[in-house]
Amino acid sequence: MTTKTAIIGGGITGLSAAYYLQKAIMANDLDMEFKLFESSGRLGGKIQTEYRNGFVMERGPDSFLARKESASRLAKEVGIDKELVSNYAGQAYILKKTNLYPIPKGSVMGVPTKWMPFWKTPLLSFKGKVRALADLVIPKSSPAEDQSLGGFFRRRLGSEAVDYLIDPLLSGVYAGDIDKLSLQATYPQFFEAEQKYQSLMRGLKPPAPDKNEEPSKKKGAFLSFERGLYSLVEAIENHLEEEAVKKDTTLTRLSKTDRGMMLHFKDGSTEEVDNVIMATPPHVTSRLLQDPVIEKTLGSIPSTTVATISMTFEAGEVPEAFDGTGFVVSKKADYTITACTWTHRKWKHSAPAGKALIRCYVGKPGGEDIVEKTDEEILNAVRHDLEKIMQIQAEPSDFLVTRWRQSMPQYEIGHKQALAETRNRLQTAFPAVYAGGAAFEGVGLPDCILQGEKGAQFVLQHEKY
Ligand code: FAD
């Protein structure tokens, strides 16, 4: 009997699972088939690129980390690696009170590794800098237990360095509260550096550059595509068998059968399969499985709500005073914006010549109300901030607001333990089900792609081909 697999969710995790599963089926002529079910009318999930008046606007993610190779590998597989583009790695800033300060050179995610730039930065007071230097002598933490990112860094570098350097940079990725996020689940490399070198400043110091190497061409650490991230989604979709992709199809429940799992759809229909790869957000996965243990472990992972707003201008309307790619905002500063990218500078492909594209984030833990305001109210609040910070007075010629409700899963203290319990429960109660995606082993696109690939492997191993 042909083995049937269902992939639930057509975001990058589900798409990657589908691509690699189809590849294995075709390469080995396996007696297997799969269907990918996506509730909306389009694939890509959080990857949403909008093309307007020559601008390439990303509503969600705008790029991925180049050093995590799964995304470029997948781009190559689907034939669009030639369209990959790197960001311009110009200066980034941190907003403190009303001023933008360059992130000191040599800081690794905010941790200083070069003395002079750190010593000279006006971001921290003299007292704050001296306190941060205590990192060189403070003993390492006990390896036994998970701890919060905030607690870890406050102990090593002091609260001032955390509030004005570390937190604005680190919490951006998770849109989270640094004092709740788990060190082990988010940035275990900091813990490892501390354990190995006893000091973060010593442990994170990059190796001296090779003298024979060409000087850096300001090529950034991130990648996108000439026409934006949606190119990847389109290219994967073009590689999938058309009949395998079921859009506008919402799952409402999964139940166990002797063969594997029964899929229950919103329109009342059902379908029985041998395996399921779940690539839906954690609260959806938990709701579909209707299991008390999974509800407690996966279903209780909180997710932050944020919104992005892209605004287009004439280049001359954006003051050139700051050369760089954007800024992040210290939570201690009284602004609505939490981060701002000067997109036309960071990504050449994003704006026509002579135009500027700026994207801001609003919404943070404990300050998510702004997201529910009207588009105009969000625009007004953001414009008010931009006028104060960057002296932009012009009205944007166009703007685009995207609300991301419950979209940023929070890896809080105990996250790893909760995931281990989820995996155990799946293995014992739902052995035909693999679950992955942003709430599991990394929120970044390359991590999601890897998890999709793992989902495909799970199915192949499960069937012992
Ligand atoms: P999703 O993209 O959420 O896909 C899940 C899919 O499941 C959706 O298509 C949904 O419609 C579908 N679905 C839900 N319920 C059902 C159901 N009942 N039945 C059928 N289908 C269902 N990462 C980066 O690497 N770089 C960035 O620059 C970056 N920026 C980001 C900016 C924002 C604003 C956000 C929100 C995230 C960002 N991320 C970034 C993170 C990254 O985008 C996500 O972690 C990743 O896209 C998640 O992919 P996924 O496939 O796991 O989930």
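Everything discussed here concerns the structure shown above.
Read on for an overview of the structure. (Residues numbered from 1 in each chain as written. Predicted model: local features only at pLDDT ≥ 70, side-chain atom pairs only at ≥ 80, totals over all residues. Heavy atoms only, no water.)

### Digging into the sheet that holds strand S15 (residues 270-273)
- Strand order in the open sheet formed by three strands is S13-S14-S15, with antiparallel pairing between adjacent strands. Sheet topology places strand S13 (251-256) and S15 at the edges, where each strand pairs with a single neighbour. On average, adjacent strands in this sheet sit at an angle of 20 degrees to one another, irrespective of strand direction.
- Strand direction decides the pairing type here: strand S14 (residues 261-265) and S15, joined by four bridges, are antiparallel. Residue Leu 263 lies in a different strand from S15, and its bridge partner there is Glu 271. (Pairing = 2+ DSSP bridges. Helix = DSSP H or I, 4+ residues; strand = E, 2+ residues; numbered from the N terminus. Axes fitted to C-alpha atoms, helices over the stretch in contact; angles between N-to-C directions.)

### Focus: the site of the ligand
- By nearness alone, 32 residues border the ligand, and Glu 38, Lys 46, Ser 63, Val 443 and Leu 445 come closest of all.
- At a separation of 3.0 Å, a nitrogen atom of the ligand approaches a polar backbone atom of Leu 251.
- In this structure, Val 443 approaches the ligand through a main-chain N or O atom, which is 2.5 Å from an oxygen atom.
- For the ligand, whose free accessible area comes to 1,000 Å², the fraction covered by protein is 88%.
- For the shell around the ligand, the secondary-structure elements that each account for two or more residues are helix H1 (12-28), strand S21 (398-409) and helix H16 (445-462).
- Of all the elements, S21 adds the most residues to the shell around the ligand, at three residues.
- When grouped by side-chain class, the residues that make up the shell around the ligand number 15 nonpolar, 14 polar and three charged. (Near = heavy atom within 4 Å. Polar contact = N/O pair within 3.5 Å; in protein donor to acceptor, adjacent residues only side chain to side chain. Areas by Shrake-Rupley, 256 points an atom, 1.4 Å probe, with all protein chains shown as cover. Nonpolar A, V, L, I, M, F, W, Y, C, P; charged D, E, K, R; others polar.)

Interpretation in functional terms is not warranted from these geometric data alone.
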